[in-house]
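Listed below are the residues making up each chain.
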Amino acid sequence: MGIRLRAFAALAMAATLAATTACSDTRDDNSDSGSDSNLIGIVMPTRSLERWNNDGAHLEDLLKTAGYTTTLQYADNKVDQQITQLQNMINQNPKVLVVASIDGTALGPVLAKAASQKIKVIAYDRLINKTPDVDYYATFDNYQVGKLQGEFIVKQLGLDAGKGPFNLEPFAGSSDDNNAKFFFSGAWDVLKPYVDSGKLVIPSGKKLASNEDWKNVSIDGWLSQKAQSEMDNRINSFYTGGKKVDVVLSPNDSLALGIEQSLESKGYKVGPGWPVITGQDADLANTKNILAGKQSMTVWKDTRTLGDQVAKMVDQIVKGQTVETNDTKTYDNEVKVVPAYLLPPVVVIKDDVKAKLVDSGFYTADKLGL
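For clarity, every value in this text was computed on a predicted model and none was experimentally measured.

This paragraph deals with the sheet that holds strand 9 (residues 276–277). Sheets are built from strands that pair by backbone hydrogen bonding, the pairs being arranged parallel or antiparallel. The strand order across the open sheet built from four strands is 7-6-8-9, with neighbouring strands paired in parallel fashion. At either end of the open sheet lies a strand with only one pairing partner, and these are strand 7 (200–201) and strand 9. As defined by bridge partners, strand 6 (residues 166–170) adjoins strand 7 across two bridges and the pair is classed as parallel. Pairing of Asn167 across the sheet is with Val201, part of strand 7.

Below, the structure written as structure tokens:
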């Protein structure tokens, strides 16, 4: 979508929401569940990743423009802190809670309290598990994210043309993040046949008989430093005598950043012999690395569109309308299948950074040094 069309669509949505929503900035914090309060609670997991800062700010701006009162909190990747934040928000009796969880299995008790007050809950980008008290889920097609990464590796290495063997080091996301399994499963369903045939070899010996083994290569907290340390250990232990890493399956940009730093510290040089490295999120540092040849691709989830969709869902809830979803089968949280709205991810490589990320208004050319 072009800049002008996207801007028009965003303004049109905001105008529609504002026309049907009370615009008062005041609320009765002691009101019951039948009050006229227009408060919306938003909880995000951390400020330490660029994308969550962008997501929270964008969603808050949309809702405020539409006349809602918002409370936005970040939990520093601490589960107890996020639970406390939710408890405090529930005490203010919001109409809707939008929750990007840290641990998708830890929120059942606090969300039960929300349900008792008839507060609706939207899981934002991360599914909330093991509770009936999550009403909707908005995310990108996370299995497709991994599939795109796997397909990129196959094409880049020429695996479908019979080339190989290549040395692969696989990584997965945080073990407490429900999305991490979907990312890895999408990629591993593509790559495993080549591992089985010997065209992809894993020198570090990580045991991945199926995509159910993804936690064997997970990096908790999605931390760059942990990914860097893990990559250092694998290179030091398994890449001696001139053996080289050919490809790294990284599920997101934060991990990719640490992996790239590790490779540089171990003497790898950008150019011939630099490994194929995947990513996700189009973070600024990683987009610059793509332009510099340090990262091969990223799967871009334009989180502005996710915020747009969630704002729309919030408004539909508040107005008592049917909430728009497009998937009612995939996301089983172990208690129920949560109705979801899935958005499409997009591959970005060096040659189309400008067309996809700059022309869409996601980054300015100056910011990327273009």
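Following the structure, the description resumes.
Counting buried positions over the six residues of strand 1 (residues 39–44) gives six, a clear majority of the element. Covered by surrounding structure in strand 1 are Leu39, Gly41 and Val43 together with Ile40, Ile42 and Met44, the residues of both alternating faces. Relative to strand 2 (residues 69–74), strand 1 is paired through six bridges, and the arrangement is parallel. What sits directly across from Ile42, in strand 2, is Leu72.

Another aspect to go through is the packing of helix 2 (residues 50–65) against helix 10 (residues 303–318). When two helices pack together, their arrangement is given by the angle between their axes and by how far apart the axes lie. It is the contact of helix 2 with helix 10, at a shortest axis distance of 9 Å, that shows an interaxial angle of 40°. With respect to each other, helix 2 and helix 10 are oriented oblique. In the packing of helix 2 onto helix 10, the handedness of the crossing is right-handed. Every residue of helix 10 that contacts helix 2 at Arg51, Asp55, His58, Leu59, Leu62 and Leu63 is listed here: Thr303, Arg304, Leu306, Gly307, Asp308, Val310, Ala311 and Val314. Of the residues in the contact of helix 2 with helix 10, the class split is seven nonpolar, three polar and four charged.

Attention now moves to helix 5 (residues 142–157). Taking 1.5 Å as the rise per residue, helix 5 with 16 residues should run 22 Å; its terminal C-alpha atoms sit 23 Å apart, in good agreement. Along helix 5, the positions that sit buried rather than exposed are Asn142, Val145, Gly146, Leu148, Gln149, Gly150, Phe152, Ile153, Val154 and Leu157. Trailing helix 5 by a residue or two, Gly158 shows a phi angle of about 70°, which is positive.

Turning next to the side chain of Ser250. If you trace the backbone, Ser250 turns up in the loop between strand 8 (247–249) and helix 8 (253–265). In this view, Ser250 contacts Gln149, Leu255, Ala256, Ile259, Thr278 and Gly279; residues no more than four positions away in its chain are not counted.

A few words now on the side chain of Asn289. Relative to the assigned elements, Asn289 resides in helix 9 (residues 284–292). Given a relative accessible area of 13%, Asn289 falls into the buried group.

Pairing is parallel across the open sheet formed by six strands, whose spatial order is 2-1-3-4-5-11. Two strands close off the open sheet at either side, each with one partner strand: strand 2 and strand 11 (340–343). For this sheet, the mean angle separating the axes of adjacent strands, direction not counted, is 15°. Relative to the sheet, helix 10 contacts strand 1, strand 3 (96–99), strand 4 (120–124), strand 5 (136–140) and strand 11, its axis offset from that of strand 5 by approximately 165°.

Judged by nonpolar contacts, the single largest core of 73 residues is most densely connected at Tyr124, Leu200 and Val310. When residues of this core are assigned to their parent elements, the largest contribution, eight residues, is made by helix 6 (residues 178–197). The residues contacting Val310, other than those within four sequence positions of it, are Leu59, Val98, Ile122, Tyr124 and Ala138. The next biggest cluster of nonpolar side chains, apart from the first, holds 23 residues, and it includes Ala114, Ile119, Val121 and Tyr331.

The next point concerns the packing of aromatic side chains. Within this structure, the stated rule accounts for six aromatic pairs. Measuring from centroid to centroid gives 6.1 Å for Phe183 and Trp222, while their planes differ by 70°, and the two rings are edge-to-face. One end of the pair, Phe183, is in helix 6; the other, Trp222, is in the loop between strand 7 and helix 7 (224–238), and 39 residues separate them in sequence. With a centroid separation of 5.2 Å and 65° between ring planes, the pair formed by Trp300 and Phe362 is classed as edge-to-face.

What counts as what
- Residues numbered from 1 in each chain as written.
- Predicted model: local features only at pLDDT ≥ 70, side-chain atom pairs only at ≥ 80, totals over all residues.
- Heavy atoms only, no water.
- Pairing = 2+ DSSP bridges.
- Helix = DSSP H or I, 4+ residues; strand = E, 2+ residues; numbered from the N terminus.
- Buried < 20%, exposed > 50% of the residue type's maximum accessible area, 1.4 Å probe, protein only.
- Axes fitted to C-alpha atoms, helices over the stretch in contact; angles between N-to-C directions.
- Parallel < 35°, antiparallel > 145°, perpendicular 65-115°, else oblique.
- Left-handed = near helix turned anticlockwise from the far one by under 90°.
- Contact = heavy atoms within 4.5 Å.
- Nonpolar A, V, L, I, M, F, W, Y, C, P; charged D, E, K, R; others polar.
- Expected span 1.5 Å × (residues − 1).
- Core = buried A, V, L, I, M, F, W, Y, C linked by side-chain atoms within 4.5 Å.
- Phe/Tyr/Trp six-rings, centres within 6.5 Å; stacked < 30°, edge-to-face > 60°.

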